[in-house]
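Report on the structure
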Amino acid sequence: MNRKYKIIVIGAGASGLMFSSLMDEKEILLLDNNNQVGSKILVSGGGKCNVTNGVVKAKNYIGNQRFVRNIIKRFDQYALLEWLGHRGLKPIERKNHQYFCQNSAKELVDILKKESSSKLIKLNTEVLNVVKKSDTFEVETNRGIFYASHVVVASGGLSFPKIGATSIGYEIAKSFDHTIQTCSAGLVGFTLQPDEFFFKSLTGIAIDVKITVNEKEIKGALLFAHKGISGPAILDASLYWGKGKIVIDFLPTLSLISLKSSKKYLSRSLGLPSRVAKTFLEQLAIEDKASNTLNSEEWQKLEKLKSYSFSPAGTFGYSKAEVTKGGVSTDEIDASSMMSKKVNNLYFLGEVLDVTGELGGYNFQWAFSTAFVCAKGIK
Ligand SMILES: Cc1cc2nc3c(=O)[nH]c(=O)nc-3n(C[C@H](O)[C@H](O)[C@H](O)COP(=O)(O)OP(=O)(O)OC[C@H]3O[C@@H](n4cnc5c(N)ncnc54)[C@H](O)[C@@H]3O)c2cc1C
């Protein structure tokens, strides 16, 4: 029989590594199915990892707002940046208050690895099941059974299975009678229905738009992509979309009235890249001519660009999604320690919980804040 550890952490990703970094306790075993730690950190933020955001509020998350507020305030963006700063990492603030590593996400992984160096990490070890017998957890893996008095589930969500994502966190939660809020791909592009297939002819072009989805307004860039539409504004919109319509204002800074007296050709007055303007005009069957010569029917058609309403066919799915929406219900988690309210000494951190952050560093902040709360609260 393998020895019994005080704590087994399932997943050496963002939350698992931060948790072990913050723990003085040495009797910790981290298990990860990858051949390296922090795989998602390494691919994040275009390889530079968007660590956090200068403005972090509960409203940047989908999930129980009170629960989120209670966790974030214990270890917010300032505390995180200070912790990293003391270890030599000074992320740089870029657009929209997003903080990125200076050169590479590896800088962050190296710090977390160093801070966890007194703990045992077993890689290429896939957790298959967890059972509790009396006060001992038995963690079944492809490399045998490991024992512990505490288990911390930090196994992340379902997105990017090619770098290790599995459903184990949800399965463990379910087996211990936890409620799982329905999971779906989040921070992901939309696929299109035939009426919008013409978007594909604009692949590679990005424009600023305003999107309304389920009463939420999102401003930012939309990228026309081969598979559909993507870009920061669409990724955020996917968090608020279930099924049904979204509305896009393709001319968010333009009032059409201002064009009524203009002699400029429409394709040059809409403020869109010429190819986009011409494609839209063609699609709306409006001749490209001086704006002041449009008749009332044409003005009506043009209005469509201010509120283009359509139903996406679906999303690009977990293979392209940055996160998983839904997860382990936070109603059943103690916000002072991240411990299950149902099972003593079982903890859940990070993305496996039913809390999802918007684009902009909010998901790593969540992973790190939950890790902090657990490290301080675990008995
Ligand atoms: C391409 C991409 C870019 C992203 N960019 C950003 C960004 O810039 N900023 C941001 O805030 N968020 C970003 N995210 C989201 C962010 O990476 C996650 O929200 C965050 O990593 C979640 O942390 P976690 O600790 O919960 O899970 P993870 O960091 O995913 O760690 C979970 C670990 O558990 C391991 N694991 C899973 N199943 C098992 C098993 N059965 N047995 C053993 N180990 C297992 C996994 O291999 C993984 O190492 C990005 C995500 C992706 C996919």
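Here is a short report on the structure shown in this document. All residue numbers here refer to positions counted from 1 along the written sequence of the relevant chain. Reporting in this predicted model follows two pLDDT cut-offs: at least 70 for local features of residues, and 80 or more for side-chain atom pairs to be given and counted; totals over whole chains, interfaces and linings ignore these cut-offs and use all residues. In computing side-chain values, all of the structure's heavy atoms are included and hydrogens and water are not.

Looking at the overall build of the protein chain
For clarity, the threshold we go by: Helical segments are the DSSP runs of H or I of at least four residues, strand segments are the runs of E of at least two, and each set is numbered from the N terminus. Here's how the labels work: a residue is buried when its accessible area is under 20% of the maximum for its type, exposed when over 50%, partly exposed in between, all with a 1.4 Å probe on protein chains only. Contacts: residue pairs with any heavy atoms within 4.5 Å of one another. Per-residue and other accessible areas were derived by the Shrake-Rupley procedure at a 1.4 Å probe size, with only the shown protein chains allowed to occlude residues. Counted as positive: Lys and Arg. Counted as negative: Asp and Glu. His and the chain ends are not counted at all. Where a charge sits is defined by one atom per residue type, namely NZ (Lys), CZ (Arg), CG (Asp) or CD (Glu).
Looking only at helices and strands, the protein chain features eleven helices and 23 strands. Based on the C-alpha atoms only, the size of the protein chain along its principal axes is roughly 85 × 40 × 35 Å. Split into buried and exposed, the 379 residues of the protein chain put 55% on the buried side. Contacts in the protein chain between residues far apart in sequence, at least 24 positions, make up 71% of those at least 6 positions apart. Summed over its atoms, the accessible surface of the protein chain is roughly 16,700 Å², and 48% of this surface lies on carbon and sulfur atoms. Positive and negative charge centroids in the protein chain, built from 49 and 36 side chains respectively, lie 3 Å apart.

Focus: the environment of Gly244
Inspection of the secondary structure assignment puts Gly244 in the loop between α7 (232–240) and β16 (246–249). For the pair Gly244 and Ser337, spaced 93 residues apart in sequence, the C-alpha to C-alpha distance is 38 Å. Other than its neighbours up to four places away in sequence, Gly244 contacts Phe310, Ser311 and Pro312.

Focus: the nonpolar core
Let me state the cut-off plainly: For our purposes a nonpolar core is just a set of buried Ala, Val, Leu, Ile, Met, Phe, Trp, Tyr and Cys residues, chained together by side-chain atoms within 4.5 Å.
In terms of nonpolar packing, the biggest core is built from 77 residues, with Ile8, Phe19 and Phe368 touching the most fellow members. For this core, the element with the highest residue contribution is helix α11 (residues 362–377), accounting for ten residues. If near-sequence neighbours (up to four positions away) are discounted, Ile8 is found in contact with Leu29, Leu31, Val139, Phe146, Tyr147, Ala148, His150, Val151 and Val152. Membership of the second largest hydrophobic core comes to 45 residues, among which are Leu187, Ile207, Ile229 and Leu259.

As for the site of the ligand
What counts is decided by this rule: For each residue, the test is whether any non-hydrogen atom lies within 4 Å of the molecule or strand; if one does, the residue is near. Here a polar contact means two N or O atoms within 3.5 Å. Within protein one must be a hydrogen donor candidate and the other an acceptor candidate, and residues neighboring in sequence count only if both atoms are side-chain atoms. Gly counts as polar in this scheme, as do all residues outside two lists: the nonpolar Ala, Val, Leu, Ile, Met, Phe, Trp, Tyr, Cys and Pro, and the charged Asp, Glu, Lys and Arg.
Taken together, 34 residues lie around the ligand, and Ser15, Asp32, Asn33, Thr166 and Glu351 are the ones closest in. Thr166 is positioned with one of its side-chain polar atoms (N or O) 2.7 Å from a nitrogen atom of the ligand. Within the contact set of the ligand, an oxygen atom lies 2.7 Å away from a side-chain nitrogen or oxygen of Glu351. Relative to its unbound accessible surface of 1,000 Å², the ligand loses 95% to contact with the protein. If you tally residues by element for the shell around the ligand, the top one is α11, at four residues. Within the shell around the ligand, the residues separate by chemical class into 13 nonpolar, 16 polar and five charged.

Notes on the sheet that holds strand β5 (residues 92–93)
Selection criterion: The pairing criterion is simple: DSSP has to find at least two bridges between the two strands. Note on method: axes are straight lines fitted to C-alpha atoms, helices fitted across the in-contact stretch only, with angles between N-to-C directions ranging 0 to 180 degrees.
With antiparallel pairing, three strands are arranged side by side in an open sheet as β3-β6-β5. The open sheet is flanked by β3 (50–53) and β5, the only strands paired with a single partner. Pairing of β5 with strand β6 (residues 98–100) involves two bridges; the strand directions are antiparallel. Paired with Glu93 across the two strands is Tyr99, which belongs to β6. Its contacts with the sheet place helix α4 (residues 77–86) against β3 and β6, and it is angled at close to 140° to β3.

So, a positive patch on the surface
The line we're drawing: Patch membership requires more than 30% relative accessible area and the absence of a salt bridge. Residues of like charge join within 9 Å; the nonpolar side chains Val, Leu, Ile, Met, Phe, Trp and Tyr join within 5 Å. What counts as a salt bridge is simple: a side-chain nitrogen of Lys or Arg found within 4 Å of a carboxyl oxygen of Asp or Glu.
Together, Arg66, Arg69, Lys73, Arg74 and Lys376 make up a region of like positive charge exposed at the surface. Within the secondary structure layout, Lys376 lies in helix α11.

These figures come from the coordinates and say nothing about function on their own.
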